[in-house]
Amino acid sequence: IENVLAGAKTNDQVMKRQRLRDQTFFASKMAELVGVILTVVNEHTEIDEDLPTAPDKLLQSAAHVHITPQIFEDVRQRPGVPEIFKDLALADEDTFNLFDTLDVDGSGTIDLGELLEGIAKLRGDARRSDVVALNFKMQKMQTEIREYFNASLGMMRATRHGKTRMK
């Protein structure tokens, strides 16, 4: 029993170190990607500004940047960016429509929060819990659409009935 407990404790420590390493790796790759994005944004706006080298300063510089589809496509075409995506465990097929996937609010631009959160969620293979959660969300949306349709239909019928009675 002691060996099992010691093995479990060691395994937990190894997993914790792996998660910390993964978080550090993710942060460095995202800083690399943000650096490329800021370079492209500066080129598009013709701003000749030196980019900060410290990751925290780089993220501060990008905090108010809104990435357009054209800027994002230019970023995707840059040398090294496909490797960054690969290092971040993004599937090749996910990178083609990545802008639309990351633009969660439908604004037509991506901000830093959408970029970071979206890429973090896209990493790796889909898990069963992802599929189940998506299924529940779709069912909820279908129910809401059905309720909206029925309410709209009821209002249209009531309006038509009211007009018929007025004649």
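Here the residue index of a chain counts from 1 through its sequence in written order. For a predicted model such as this one, the threshold for reporting local features is a pLDDT of at least 70, and the threshold for listing and counting side-chain atom pairs is 80 or more; totals across whole chains, interfaces and linings nevertheless cover every residue. Side-chain numbers come from the whole structure's heavy atoms, not from hydrogens or water.

Draft legend 1. Seen up close, the nonpolar core. In this description, a nonpolar core means a group of buried Ala, Val, Leu, Ile, Met, Phe, Trp, Tyr and Cys residues linked to one another through side-chain atoms lying within 4.5 Å. Note on exposure labels: buried denotes an accessible area under 20% of the residue type's maximum, exposed denotes more than 50%, and partly exposed covers the range between, all computed with a 1.4 Å probe on protein chains only. L33, F72, V75, F85, L115 and I119 are the most contacted members of the largest nonpolar core, which totals 27 residues. Helix and strand labels come from DSSP, where a helix needs a run of H or I of at least four residues and a strand needs a run of E of at least two; each type is numbered from the N terminus. Listing elements by their share of this core, those giving two or more residues are α1 (2-45), α3 (69-77), α4 (81-87), α6 (98-102) and α7 (112-122). Here the element with the most residues in this core is α1; it accounts for 9 residues. Other than its neighbours up to four places away in sequence, L115 contacts M30, L33, V34, I37, F72, L102 and I110. Any two residues whose heavy atoms approach within 4.5 Å at even a single point are treated as in contact.

Draft legend 2. Spatial organisation of the environment of R76. By secondary structure assignment, the location of R76 is in helix α3. Taking the C-alpha atoms as reference, R76 lies 9.0 Å from F96; in sequence the two are 20 residues apart. Pairs of N or O atoms within 3.5 Å make up the polar contacts considered here, provided that, within protein, one atom can donate a hydrogen while the other can accept it, and that residues adjacent in sequence are counted only when both atoms are side-chain atoms. One polar contact links R76 to E73, side chain to side chain, over a distance of 3.2 Å.

Draft legend 3. Up close: the side chain of D103. By the secondary structure assignment, D103 is in the loop between α6 and α7. There is no salt bridge for the buried D103, and the closest opposite charge comes from K121, which lies 14 Å off by N-O distance. A distance of 3.2 Å separates a polar side-chain atom of D103 from the backbone nitrogen of S107. Aside from chain neighbours lying at most four places away, what touches D103 is G108, T109, I110 and E114. Within this scheme the basic residues Lys and Arg register as positive and the acidic residues Asp and Glu register as negative, but His and the chain ends are omitted. Salt bridges are counted wherever a side-chain nitrogen of Lys or Arg sits within 4 Å of a carboxyl oxygen of Asp or Glu.

Draft legend 4. Just the pattern of salt bridges, in detail. All told, the structure shown has 6 salt bridges when counted by the stated rule. In this structure, E117 and K121 form a salt bridge, with 3.2 Å as the shortest nitrogen-oxygen distance. Placement of the pair is E117 and K121 together in helix α7, with a separation of 4 residues, close to one helical turn. Residues joined by salt bridges that share partners form a network here, namely K29, E32 and D87.

Draft legend 5. Molecular detail of the environment of F26. With respect to the helices and strands, the residue F26 is situated in helix α1. The class for F26 is buried, based on a relative accessible area of 17%. Counting along the chain gives 90 residues from F26 to L116, while the straight-line C-alpha distance between them is 9.8 Å. Leaving out residues up to four positions away in the same chain, F26 has contacts with L88, L116, I119, A120 and R123.

Draft legend 6. Expanded view of α3. Within α3, the full set of buried residues consists of I71, F72, V75 and R76. Looking straight down α3, one finds its buried side chains confined to an arc of 140°; they lie on one side. Think of it as the arc spanned by the lines of direction from the helix axis to the C-beta atoms.

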